[in-house]
Structures are given as structure tokens and as C-alpha cells.
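Okay, here's what each chain looks like letter by letter:
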Amino acid sequence: MRILGRPSGKQAILPRSSGKPGKRRNGNRASAPSVFLHAAARGKGSQSKASRKGQQALRRTKIYNQGYKRGYEDGVRQGKNSFGAVFDGVSIVIPTYNQRDYVLKCVSSIEKHTPAPYEIIVVDNGSQDGTADALGRIGGMVRVAALDGNRGFAGGVNHGLMMAKGRHIVVLNNDTLVTPGWLDNMMACLQSQADIGVVGPVTNYIGGEQQIEVPYDDVSEMWAFAANYNKPDASKYRLTDRLVGFCWLFSRELFERVGYLDEGYAIGNFEDEDWIVRAKLAGYKLAVAGDAFIHHFGSVSIKAVGEQKLAAVNKENEQFYERKWGDPHALIAEAARMSKEAPASFDARERQPFRRSSDFYPEGSFLTDVNGDAYYLSGGCRRKLHIPVPQGISPVRLAKPDLLGIPVGNAIDSSMQIQGRASESGQSSAHLLQGSSAEWPEGSVVAANEAPQIWYQISGGKRRKYASAYAAECWGVYPYAVIRVPYEKLHALEEGWPIIAPPKLLGCQL
């Protein structure tokens, strides 16, 4: 992967020569080679001028090299100090693949119609049409990540999110043209209500309620329409249940709570639906800024895949989505109800208006990060393992935002500190016990005799429902590890947050 961009620093200015001849010290000319002295005597002084010029060039070179070294070292030091720092601006993330002309037009429209401060992060998914080199020549506010291969829409967006430094983030398709006032109007919509988390614009070409009728047939006619349409008008804001991922605006805080896109969706489609489900589970609302119009050419990169292959990809992604979420609408409604009721048994962290994806991960899980460090999730805290992971268990890898969002607990130095016992068939297991629910060990996975296909984890005296069999499988639970229990006893327990599957992350740096 290459990071491209034009350096913004000024060229070093070299000092002018004084033109004065070198002074003698103790009868010798300072640092002048003897060959120049002999030549000067024969050439009536002509070579002495060459000698002085040579010395001046050497001094200039030395000064330049010293300045360059100091500048480089200072740049490295500032880079280390500013790594991970957030600036009060917007990071605009654009994934692209073999669509050089479209993405160049998109970037140009941003530069013309977006007030500072902002940065543009283009993630090139291994294009073969010179996209990365063309973008690298732009410089300025454009940063380019040239990946070695095509990681799809989710992978490209995730890499851009990792690079983003803005306090707010825009995810934008490469086949769009932004228009005057687009970002200001979307930002006003985002800030109009405290629980609005993600905002999208309206456009000429998209599915769902974000598409509007437009009077133009040619892009050249679009600019006049957009300039007139994008007059700030809060009456055009509206809440919605769905926002297509061709253009999203959200805060860094939301990103840190919701996390990266799931890279289990091949090429593109349904990864945006997946991410929106997680944003809604976290307690955020979605809104359409009806006074912000951008032009969308329409699924250019996806269409380039070919109609037959695209149909197969869509079908596969849809099946994955359904297998992962089951009934996401019921899941979201249940989480919203629980949050609104906020029973006294929920601790202060659980009663917050917004949640994190990690709040929906099961107790007693073994986790790992990009560095290979292992953790144990206990009592809502991540506890670093200073002992080997129990035999037969494969820790679930989480992204940095997910891990950092989990409070830090005391490290684990002994296997005795791990509740229950590890199982070769899963993350955790429990003894099959009969009797009251109080006898079910912490972390037990149970199902009612009358509904064996619906699984729950016993956690903190509550029953937490797995969103799907896939979610349970991701956390190392398999059918033969599920305990059958009486329906009445199971449903006598208070309900806790549901358990969802973590996103698949194929990027090694996330």
C-alpha cells in the first residue's frame, strides 16, 4: 500500500555567497586543496575564482543538508506527536476502483463547493487505470491510499476511516458531484437534534426516499438547479429508517461507538444496511437533509462488475445479511424499548442514551486486537490476559474502536480468575445443571424447551438473546453446548441487551 500526496513544505532558500576570498589562517588558505593553489599560480588568478566558487558550493551544500535534516527530523517528530489527533473539520472518505475520471470530477467538486477545514481521503482499491497516480498529483487537501488489491466498498471505507482525523466524517461514493452548500446543510441537519447520528442528502439516482425528481437531463444543467435547490431550509429535514451508503455524514463519536463496516459482504451492497442496523442499535436516529442535493451518476463501480456477477454478489450478500441479523427490525425495537424503560437494575453505563457495539458482546468472551494481545470480557470490562488463552479457544478479533470503548479492568494473572471453565468447543461452557435459574452458571447458553432455536446467554442474572445462530457461532457457541431449560424459568429472568456478531475485519491494521 502506498500513501501518495504532494509535499506541502517550502523549498529551502540557500544563502547568497559573499564573494569575498577566503582568509589565510597561519599562512594557509582555509580548506583549499593544493591542486587549486598550483593551478591558480599558473593561470594568473583565473583558477582561484573557481576555487572560491567550489568552496562556496560546498558550504551551500552543507547548509542545505543540515537544514534538510533538521526539517526532516522536525517533521517526523511533529508527525509522531500529531498521530491520532483530531482536528475540527471533516474527513471525506471516498473508496474507488478503476474509475479515474469519475473520482477526479468528484474531488474537483469537493474542492470547489466545500468550505474549509476538510480533508479528502481517497482509498484506491488496486485500480489499473492510473487512478492513484492521477490523484497523487493533485496534492493539497487530498490524501491517497493505494491498496495492493480490491478490498471492496467496506474494506476501502474502513481503510479511509482508519486514516481519518476529522471530528466529523463523510463517506462518499466516487461517482458523485457535490454542490454548493451541500455540507453546511447536512451539518445543520445533523446538529438539529441531539439523537440524530447519521445524515444523508437527496439525489437524482438512488433507492428509497432519498431520490427526488430533477428537471435536468444533462450534468451541465445540474449546477443551476442544485444552487437554487440547496437553500437552507430546516423544514425539509425528516427522520428515516434507512440511509443508503452513497453519502453519509456522522460524528467521530458515533464512529467510535458503532465501529467499522463488516467486510464479510463481497464487493459491495448490504454492508451499508448492516452498519445502519448497528447505528440504530446504539440508539442513534437517521435523518435526510432535504435541502442538500448532490448528483449521483449511479453505481458506476458496481455496474463495472458485470450484470451476471452483480446478481450473484447481491444474492450472496443478502443471504449473509439475513443469516447474521435474523429480524433486525425486531432487534432494534426491543433495544429501543429496553433503553426507554431503563430499569433500575441497569447500571449507569447501560442507561446512557447511546450505546457501543461492545455493549452487545457476550460476557466471558476472549478477545484479541491487531497486535495479538488477548483479553477476557468480564463485568463489562476488558481484562488483559497475562496467561495463555485456554486451550481450544480462538479469541475473537475486535477493531481498535471496539476495544477502546470497553472499560479496562484488572489484568488476569491466573486461570482461577476466569469464571466457569474453558471449552474446546467454544468460548465458554457451563455444566448442565437442573433446578432453579440461579443454578445456571454465569455465561451459560440456554434455550427454552418450547423454542429451542432461540438461544440466550445467562449474564448478571439476566437473559441475553443471541440475534441469530450466526451471532452465537461467531462467539464460539454451537448447538450441542446449549442447555434446555423450562420456558417459565427462563422468561422469569430480566432481559439484557441482545448479543450481536462482531464485524468481519480483513484489514490487518484495523
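Residues numbered from 1 in each chain as written. Predicted model: local features only at pLDDT ≥ 70, side-chain atom pairs only at ≥ 80, totals over all residues. Heavy atoms only, no water.

All right, on to the overall build of the chain then. For the chain, the helix and strand inventory stands at 15 helices and 23 strands. Out of the 510 residues belonging to the chain, those deemed buried represent 47%. The contacts in the chain between residues at least 6 apart in sequence include a share of 78% that link residues at least 24 apart. (Helix = DSSP H or I, 4+ residues; strand = E, 2+ residues; numbered from the N terminus. Buried < 20%, exposed > 50% of the residue type's maximum accessible area, 1.4 Å probe, protein only. Contact = heavy atoms within 4.5 Å.)

Under the definition given, this model contains 15 salt bridges. With a shortest N-O distance of 2.8 Å, E119 and R143 are connected by a salt bridge. Residue E119 is found in strand β5 (residues 118-124), and its partner R143 is found in strand β6 (residues 142-146); the two are separated by 24 residues along the sequence. E119 gets classed as buried once you look at its relative accessible area, which sits at 7%. A salt bridge links R337 to E334; the shortest N-O distance between them is 2.2 Å. (Salt bridge = Lys/Arg side-chain N within 4 Å of Asp/Glu carboxyl O.)

Another aspect to go through is the sheet that holds strand β23 (residues 494-495). Reading across from one edge, β22-β19-β20-β21-β23 is the order of the five strands in this open sheet, with mixed pairing throughout. Pairing within the sheet leaves two strands with one partner each, and these edge strands are β22 (483-485) and β23. Examined bridge by bridge, strand β19 (residues 445-448) and strand β20 (residues 451-459) share three bridges and lie antiparallel to one another. Considered in β20, the bridge of A448 is made with A451. (Pairing = 2+ DSSP bridges.)

Turning our attention to the sheet that holds strand β16 (residues 396-397). Backbone hydrogen bonds hold the strands of a sheet together, and the pairing may be parallel or antiparallel. Judged by pairing direction, the sheet is mixed, and its four strands sit side by side in the order β15-β14-β13-β16 without closing on themselves. Each end of this open sheet is capped by a strand with a single partner; those strands are β15 (381-384) and β16. Pairing between strand β14 (residues 374-378) and β15: four bridges, direction antiparallel. Counted as the bridge partner of Y375 is K384 from β15.

A separate point is unusual backbone geometry. Residue P117 follows A116 across a cis peptide bond; omega there is 0 degrees. Tracing the backbone through its elements, the reader meets P117 in the loop between α3 (100-113) and β5. At N269, a residue that is not glycine, the phi angle is positive and equals roughly 90 degrees. Of note, N269 is situated in the loop between α8 (252-258) and α9 (271-281). N269 gets classed as partly exposed once you look at its relative accessible area, which sits at 28%. One non-glycine residue with positive phi stands out, namely F270, at about 80 degrees. When you line up the elements, F270 lands in the loop between α8 and α9.

Summary statistics for the chain give a mean pLDDT of 84 and a share of 81% for residues scoring 70 or more. Note that pLDDT drops below 50 for residues 6-44; the model gives that stretch 30 contacts with residues more than four away or on any other chain. This model gives residues 421-426 a pLDDT under 50, and the stretch forms 16 contacts once residues within four places in sequence are excluded. (pLDDT = per-residue confidence, 0-100.)

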